[in-house]
Amino acid sequence: MTLSARLSSLVPPVLQPQAFLRVRAALFVVALLPLARLLYLAFSGSLGANPVEFVIRSLGTWTLVALVVTLAITPLRLATGWAWPMRLRRMFGLFTFFYAALHLIAYLWLDQWFDLAAIWKDVLKRPYITAGLASVLLLVPLAVTSSNGWVKRLGGRNWQRLHRLVYLIAVLAVTHFWWQKAAKNDLGEPLAYAIVVGLLLGVRALRWAQRRYGSVDSSANSSSTVSRRRTS
Ligand code: HEM
């Protein structure tokens, strides 16, 4: 029995509309739990000795987790044949943006008190801040164009091309985490994320190479046709 067949016996590849809505609502609530926990800890005065650091780090972690979940959906479909998780990709993508925006706001507000000169200095001085900022800025066009209206306006192909920026965002996000922890010689967690993100992007690279190999083959044929014409 293949993995796909085994999983299909546990979860149907197609969900009825009502069941899908229930799954989506449950996952929406689950995705809000990290924020609810943070608010609970803040209001109960349990954020620890360094509350600002705790809030920034917690929001950073959940941004990365949301990004990994978003990137895992296509490989999940490929492994299981389930189509319905693909309809959750936009929601997780928007949660990634939501947590990234909160993480950025926490930094700008709680850490820097909106002191623009100090922020600019920090962006130039600390490469991990530069990488983090770049990834959030790149997330903005993806969040703005996430609606069906934008898919129509841009055309499916252009929309897909634009949304491939998420691969660069993932690399920048892991680099941000890596550089931040490298300064403290604590690379265990960033290494785990780098491996997971590497595997998730690797699946795409493999599919791209398979498609490319096909087209390389045909273009090789056509270029050899051109060279044959030239030499004849
Ligand atoms: C997609 C974008 C981003 C992701 C995925 C992300 C992720 C993370 C992660 C995982 C951490 C470490 C959490 C830990 O220590 O356990 C972190 C820390 C941090 N990030 Fe980000 N981040 C992003 C964007 C940004 C931006 C735009 C800024 C500021 C301009 C920023 C500033 C910081 C700071 C100041 C820390 C804490 C450093 C410390 O306490 O030593 N991040 N981020």
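Residues numbered from 1 in each chain as written. Predicted model: local features only at pLDDT ≥ 70, side-chain atom pairs only at ≥ 80, totals over all residues.

## Concerning the overall build of the protein
Quick reminder of the rule: Numbering of helices and strands starts at the N terminus; helices are DSSP runs of H or I of at least 4 residues and strands are runs of E of at least 2. Partly exposed residues are those falling between the two cut-offs: more than 12 but fewer than 20 other C-beta atoms within 10 Å of their own, whereas 20 or more means buried and 12 or fewer means exposed, with C-beta atoms placed from the backbone.
Secondary structure summary: the protein contains 10 helices and zero strands in total. Helices and strands in the protein line up, N terminus first, as α-α-α-α-α-α-α-α-α-α. Going through the 232 residues of the protein one by one, you find that 17% of them count as buried.

## Re the site of the ligand
The test is simple: Put plainly, near means the residue's C-beta atom, positioned from the backbone, lies within 6 Å of the molecule or strand in question. Throughout, the ten residues Ala, Val, Leu, Ile, Met, Phe, Trp, Tyr, Cys and Pro are labelled nonpolar, Asp, Glu, Lys and Arg are labelled charged, and all others, Gly among them, are labelled polar.
Residues in contact with the ligand amount to 22 residues; listed here are only the nearest, Arg57, Gly60, Thr63, Gly132 and Ala173. Among the elements of the structure, α3 (51-80), α4 (89-111), α6 (127-144) and α9 (165-182) are those that each provide at least two residues to the shell around the ligand. Looking at the shell around the ligand, its residues break down into 11 nonpolar, eight polar and three charged.

## Quick look at the packing of helix α2 (residues 17-43) against α3
Pairs of packed helices are described in terms of their axes, by the angle between the two and the distance that separates them. Let me state the cut-off plainly: Each axis is a line fitted through C-alpha atoms, and for a helix only the stretch in contact is used; angles between axes span 0 to 180 degrees, taken between their N-to-C directions. If an angle is under 35 degrees, it is roughly parallel; if it is over 145, roughly antiparallel; if it lies from 65 to 115, roughly perpendicular; otherwise it is oblique. With C-beta atoms placed from the backbone, a contact is any residue pair whose C-beta atoms sit within 7 Å.
Two numbers describe how α2 lies on α3: the axes approach to 11 Å, and their chain directions differ by 175°. As summarised for this structure, α2 and α3 are arranged roughly antiparallel, according to the angle between their axes. Residue-level inspection shows Ala31, Pro34 and Leu38 of α2 in contact with α3, the latter providing Val55, Ser58, Trp62 and Ala66. Each residue belonging to the contact of α2 with α3 can be placed in one class, and the counts come to six nonpolar, one polar and no charged.

## Considering the packing of α6 against α9
Convention followed: Handedness of a crossing follows from how the near helix is turned relative to the far one, being left-handed for an anticlockwise turn of less than a right angle and right-handed for a clockwise one.
Where α6 meets α9, the closest approach of the two axes is 8 Å, and the angle between their N-to-C directions is 155°. Here α6 is positioned roughly antiparallel relative to α9, judged by the angle of their axes. With respect to the hand of their crossing, α6 and α9 are arranged in left-handed fashion. Here α6 contributes Pro127, Tyr128, Ala131, Gly132, Ala134, Ser135, Leu138, Leu139 and Leu142 to the contact with α9, which in turn contributes Leu165, Val166, Leu168, Ile169, Leu172, Ala173, Thr175, His176, Trp179 and Gln180. Residue composition of the contact of α6 with α9, grouped by class: 14 nonpolar, five polar and no charged.

## Some remarks on the confidence of the model for the protein
Put simply, the rule is: A residue's pLDDT is the confidence the predictor assigns to it, expressed on a 0 to 100 scale.
Taken residue by residue, the protein gives an average pLDDT of 90. The fraction at 70 or more is 90%. Low confidence marks residues 216-232, where pLDDT is under 50. Its contacts with residues over four positions away, or in another chain, come to zero contacts.

## A word on unusual backbone geometry
As a rule of thumb, non-glycine residues mostly have phi less than zero, and peptide bonds are mostly trans rather than cis. Residues other than glycine seldom take positive phi values, yet Phe114 does so here, at roughly 55°. Of note, Phe114 is situated in the loop between α4 and α5 (116-125). We classify Phe114 as exposed; it has 9 C-beta atoms within 10 Å. In this structure, Asn185 is a non-glycine residue whose phi angle is positive, near 55°. The topology assignment puts Asn185 in the loop between α9 and α10 (188-231). Here Asn185 falls in the exposed class, since 6 other C-beta atoms lie within 10 Å of it.

## Description of the nonpolar core
Within soluble globular proteins, side chains that are nonpolar tend to cluster in buried spots. Basically, it comes down to this: Residues of type Ala, Val, Leu, Ile, Met, Phe, Trp, Tyr and Cys that are buried and joined through C-beta atoms within 7 Å form what is called a nonpolar core.
Of all hydrophobic cores here, the largest spans 29 residues; its most connected members are Leu59, Ala66, Leu67, Tyr99, Ile169, Ala170 and Ala173. Within the residue set of this core, elements represented by two or more residues are α3, α4, α6, α9 and α10. A per-element tally of this core places α4 first, with nine residues. The residues touching Leu67, leaving out its near neighbours within four places in the chain, are Thr96, Ala170 and Ala173.

## Examining α4
Operational definition: Given the number of residues in a helix, its expected span is that number minus one, multiplied by 1.5 Å.
Taking 1.5 Å per residue, 23 residues should reach 33 Å; α4 reaches 32 Å between its end C-alpha atoms and fits that length. Within α4, the full set of buried residues consists of Phe92, Gly93, Phe95, Thr96, Phe97, Tyr99, Ala100, Leu102, His103, Leu104, Ala106 and Tyr107. Tucked into the core, α4 has its buried residues touching α2, α3 and α6.

## Things to note about the environment of Tyr167
As for its position among the elements, Tyr167 is in helix α9. As a C-alpha pair, Tyr167 and Val197 span 30 residues in sequence and 9.2 Å in three-dimensional space.

## Observations regarding the environment of Trp179
By the secondary structure assignment, Trp179 is in helix α9. Along the chain, Trp179 and Pro190 lie 11 residues apart, while their C-alpha atoms are 8.9 Å from each other. Dropping the residues within four chain positions of it, Trp179 is found in contact with Pro127, Tyr128 and Ala131.

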